[in-house]
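So the chains spell out like this:
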Amino acid sequence: MLEIVSAVGAKLVAVDLSEPSAIGRSITERTRLVYFDTPTNPLNSVLDVSAISEHAHAFGLKVAVDSTFATPALQRPLGHGADIVLHSLSKYMNGHGDTVGGALLGTAADIRKLRNESLRERHDTIISPQAAFLILRGLSTLALRMNQHCNTAHVLALTLEAHPSVAWVRYPFLTSHPDHEIARRQMSGGSGMLAFGLETGPEGATAMIKRLSLIRSGGDLAEVGSFICGSARLTNARHLSLAGSQFCVNLGEDVIRCSVGLEDAEDLVEDLLTALEFGQPDSDQPDLRR
Ligand SMILES: *Cc1c(COP(=O)(O)O)cnc(C)c1O
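Note that the structure is predicted; figures quoted are calculated from it, not measured.

Digging into the sheet that holds strand E2 (residues 62-66)
Ordered by their spatial adjacency, four strands build an open sheet running E1-E2-E3-E4, and the pairing between neighbours is mixed. Among the strands making up the open sheet, the edge pair consists of strand E1 (33-37) and strand E4 (102-106). Sheet twist, expressed as the mean angle between neighbouring strand axes with direction ignored, is 15 degrees. Here E2 pairs with strand E3 (residues 84-88) via three bridges, running parallel. Bridge assignment links Ala64 to a residue of E3, and that residue is Ile84.

Shown next as structure tokens:
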């Protein structure tokens, strides 16, 4: 992304948008656009689209929101004041992890301008007929799938939060989430992504992930099956193109991201609870799972 941005002569500046008034302190006469994702990948922070849009518009800036984690089934940034919405169609919108695509939405005038000035010649912005077919078919079950992703992820979030081996959980619809009020105002469900950390830290996380059988280890997200991965993998995947830049924020070593799929919630709870049983080798109880 940095390469694309600098190729068009633009410069990126990192701003902490959890404090929307930071926009006013960070802009220069060259600033044109405020760009962010919400909920954020991978820490599940929720940013206030209305407040950020209000501050940005006061300075004549446009606002673009990557709403991939929420989808239009759960969140409509244009209704909260944003000018442009981005979706990775590869994720929940298609939902089956078998194709790639993206979408930009906004006023006809904004989209026409982008198409004419920036996107027209780029062959990688054209969706193939096969991808279009798969995405359209996936979209017909979006609302149903998102409902299931939300319900199951919420159950898992509550299960994790109550577990003694779990140090912290971030899920937008948990009342303990620091941005919970914004999430309730802006989203109709918490989506299917979870972030959490264990008391035992990164080593415990690696061992726990190994013990899972239904939830697969991997950085894939927003598809039918559940996936889980720790900080090392997240850092590699997300920051490769941003290495050495101010955008390469320190994630912390204990972050576990779980993309909750469409499996039965009880099966997923059982898988997690089993994996969270840390070393009780001298228990009198025989281990019936083996
Ligand atoms: C995966 C992802 C993207 C990139 O989507 P691709 O379709 O893989 O290019 C952008 N934003 C978010 C929030 C994502 O999770």
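Past the structure itself, the notes keep going.
A closer look at the nonpolar core
As a rule of thumb, nonpolar side chains are buried together in soluble globular proteins. One finds Leu160, Tyr171, Leu194, Phe196, Leu198, Met208 and Ile228 to be the most contacted residues of the largest nonpolar core, which totals 44 residues. For this core, the leading source of residues is helix H8 (residues 142-161), giving seven residues. Each of domain 1 (11-130) and domain 2 (141-278) accounts for three or more of the residues forming this core. With residues near it in sequence (within four places) discarded, Met208 still touches Phe196, Leu198, Ile228, Ile256, Ala275, Leu276 and Phe278. Within the second largest apolar cluster, 12 residues are counted, among which are Ile23, Phe36, Val49 and Ala82.

Details of the site of the ligand
In the region of the ligand, the neighbouring residues are Asn41, Asp66, Thr68, Phe69, Ser88, Ser90, Lys91 and Gly101. Ser90 is positioned with one of its side-chain polar atoms (N or O) 2.5 Å from an oxygen atom of the ligand. Protein chains shield 61% of the accessible area of the ligand, which is 390 Å² for the free molecule. Broken down by class, the residue content of the shell around the ligand amounts to one nonpolar, five polar and two charged.

Observations regarding the sheet that holds strand E8 (residues 227-230)
Strand order in the open sheet formed by five strands is E5-E6-E9-E8-E7, with mixed pairing between adjacent strands. Only two strands of the sheet have a single partner each, and these edge strands are strand E5 (166-170) and strand E7 (216-217). In this structure, E7 lies alongside E8, joined through two bridges in parallel fashion. Paired with Ser217 across the two strands is Ile228, which belongs to E8. Those strands touched by H8 are E5 and strand E6 (193-198), and its axis lies near 10 degrees from that of E6. Along the sheet face, helix H10 (residues 201-211) touches E6, E7, E8 and strand E9 (256-259) and points at about 120 degrees away from the line of E6.

Rules and cut-offs
Every residue gets a number counted from 1 within its own chain, in the order that chain's sequence is written. With pLDDT at 70 or above as the cut-off, local features in this predicted model cover only qualifying residues; side-chain atom pairs require 80 or more to be listed or tallied, and sums for whole chains, interfaces and linings still use all residues. Side-chain metrics in this entry use all non-hydrogen atoms of the structure; hydrogen atoms and water are not considered. When DSSP finds two or more bridges between a pair of strands, those strands are recorded as paired. Only DSSP runs of H or I reaching four residues or more are called helices, and only runs of E reaching two or more are called strands; each is numbered from the N terminus. Orientation is described by lines fitted to C-alpha atoms, with helices fitted over the stretch in contact, and by angles between N-to-C directions that extend from 0 to 180 degrees. In this description, a nonpolar core means a group of buried Ala, Val, Leu, Ile, Met, Phe, Trp, Tyr and Cys residues linked to one another through side-chain atoms lying within 4.5 Å. The rule is simple: take the accessible area with a 1.4 Å probe, protein chains only, and divide by the maximum for that residue type; under 20% is buried, over 50% is exposed, in between is partly exposed. A domain assignment, automatic or from a database, supplies the domain bounds used here. Whether two residues are in contact is decided by their heavy atoms: any pair within 4.5 Å suffices. Distances are taken per atom, and a residue is near a molecule or strand as soon as one of its heavy atoms is within 4 Å of it. As used in this structure description, the phrase polar contact means that two N or O atoms lie within 3.5 Å; if the pair is within protein, one of them must be able to donate a hydrogen and the other to accept it, and residues adjacent in sequence are counted only when both atoms belong to side chains. Here the Shrake-Rupley method, with its probe set to 1.4 Å, supplies the accessible areas, and only the displayed protein chains count as covering residues. Residues are sorted three ways: Asp, Glu, Lys and Arg are charged, Ala, Val, Leu, Ile, Met, Phe, Trp, Tyr, Cys and Pro are nonpolar, and all the rest, Gly among them, are polar.

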